[in-house]
Amino acid sequence: MERVIITKNKLMEILEFLETVTIDKIIISDHFIIRNTEEHLNKIYADTEIYKRLLTEEYPLEISIQPFDKVRIKYKHPYCDKYDFCIVFTRENKKIKLITTFNAPTRKRTGRC
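Residues numbered from 1 in each chain as written. Predicted model: local features only at pLDDT ≥ 70, side-chain atom pairs only at ≥ 80, totals over all residues. Heavy atoms only, no water.

Trainee: Before we go on, may I ask you to explain the side chain of Asp-84 in this structure?
Mentor: Residue placement: Asp-84 occurs in strand 4 (residues 83-92). In this structure Asp-84 touches Leu-61, Lys-74, Tyr-75, His-77, Phe-102, Asn-103, Ala-104, Pro-105, Thr-106 and Arg-109, once residues within four positions along its chain are discounted. (Helix = DSSP H or I, 4+ residues; strand = E, 2+ residues; numbered from the N terminus. Contact = heavy atoms within 4.5 Å.)

Encoded structure:
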């Protein structure tokens, strides 16, 4: 995957954007629905309120920019210490369009085995 460098200004822009987002400004894409029903049969993936709460109330552990202006944010997993919880979205007209979610082992972020 192509790496995109995130500048301090871009990071601040994303954090400021997240501070202004309200639950009614979060859109769930068709891809998100398909991915979360087919591949993730765990209760966390079916509960869209968890995504909305994370995006509007929690402070992210890590933010990265992906190609095509997608934003990937890692949060502390709501149910498991072994994984971080990643949300990928795009920003569209002052709204968040959810693309996908996945678990990432915390060791990727912390460097611990």
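That was the structure; now back to the text.
Trainee: Looking at this structure, I do not really get the side chain of Arg-72. What am I missing?
Mentor: Within the secondary structure layout, Arg-72 lies in strand 3 (residues 70-76). Notably, Arg-72 is buried but unbridged: the nearest opposite-charge side chain belongs to Glu-62, and the N-O separation is 4.1 Å. If we ignore the near neighbours within four places in the chain, the residues touching Arg-72 are Glu-62, Ile-63, Ser-64, Gln-66, Cys-86, Ile-87, Val-88 and Phe-102. (Buried < 20%, exposed > 50% of the residue type's maximum accessible area, 1.4 Å probe, protein only. Lys, Arg positive; Asp, Glu negative; His and termini not counted. Salt bridge = Lys/Arg side-chain N within 4 Å of Asp/Glu carboxyl O.)

Trainee: How should the packing of aromatic side chains be read in this particular structure?
Mentor: Tallied over the entire structure, the rule returns two aromatic pairs. Consider the rings of Phe-32 and Tyr-51, whose centres lie 4.9 Å apart with planes at 80°: the pair is edge-to-face. Pair noted here: Phe-32 is in helix 2 (residues 30-38) and Tyr-51 is in helix 4 (residues 48-57), with a separation of 19 residues, a long-range link. Here Tyr-51 and Phe-85 contribute two aromatic rings whose centre-to-centre distance is 5.8 Å and whose plane-to-plane angle is 15°, an arrangement assigned as stacked. With a gap of 34 residues between them, Tyr-51 in helix 4 and Phe-85 in strand 4 connect regions that are remote in the sequence. On the basis of relative accessibility, which here comes to 0%, the residue Tyr-51 falls in the buried class. Ring pairing ties together the aromatic residues Phe-32, Tyr-51 and Phe-85, which thus form one cluster. The residue whose ring lies beneath Arg-91 is Phe-17, and the NZ or CZ to ring-centre distance is 5.5 Å. (Phe/Tyr/Trp six-rings, centres within 6.5 Å; stacked < 30°, edge-to-face > 60°. Lys NZ or Arg CZ within 6 Å of the ring centre and 35° of its normal.)

Trainee: Where do I start with the environment of Ile-33 in this structure?
Mentor: Note on placement: Ile-33 falls in helix 2. Using a relative accessible area of 44% as the deciding quantity, one classes Ile-33 as partly exposed. Distance from Ile-33 to Ile-99, taken between C-alpha atoms, is 8.7 Å for residues 66 residues apart in sequence.

Trainee: Would you mind going over unusual backbone geometry with me for this structure?
Mentor: Among all residues except glycine, the phi angle is most often negative; among peptide bonds, the trans geometry is most common. Despite not being glycine, Asn-93 shows a phi value in the positive range, around 50°. Within the fold, Asn-93 resides in the loop between strand 4 and strand 5 (95-105). Phi angles above zero are rare outside glycine, and Lys-94 is one such case at about 65°. Among the structural elements, Lys-94 can be located in the loop between strand 4 and strand 5. Among the residues examined, Lys-94 registers a relative accessible area of 67% and is labelled exposed.

Trainee: Teacher, can you tell me more about the pattern of salt bridges here?
Mentor: Applying the stated criterion across every chain yields a total of six salt bridges. In this structure, Glu-13 engages Lys-10 in a salt bridge whose closest nitrogen and oxygen atoms are separated by 3.9 Å. Highlighted residues: Glu-13 and Lys-10, both in helix 1 (residues 8-20), separated by three residues, approximately one helical turn. What makes Lys-10 partly exposed here is its relative accessible area of 23%. Between Glu-62 and Lys-74 there is a salt bridge, with its nearest N and O atoms 3.7 Å apart. In this pair, Glu-62 sits in strand 2 (residues 62-66) while Lys-74 sits in strand 3, placing the two residues twelve residues apart along the sequence. One continuous salt-bridge network, built from bridges that share partners, spans Lys-10, Glu-13, Asp-69 and Arg-91.

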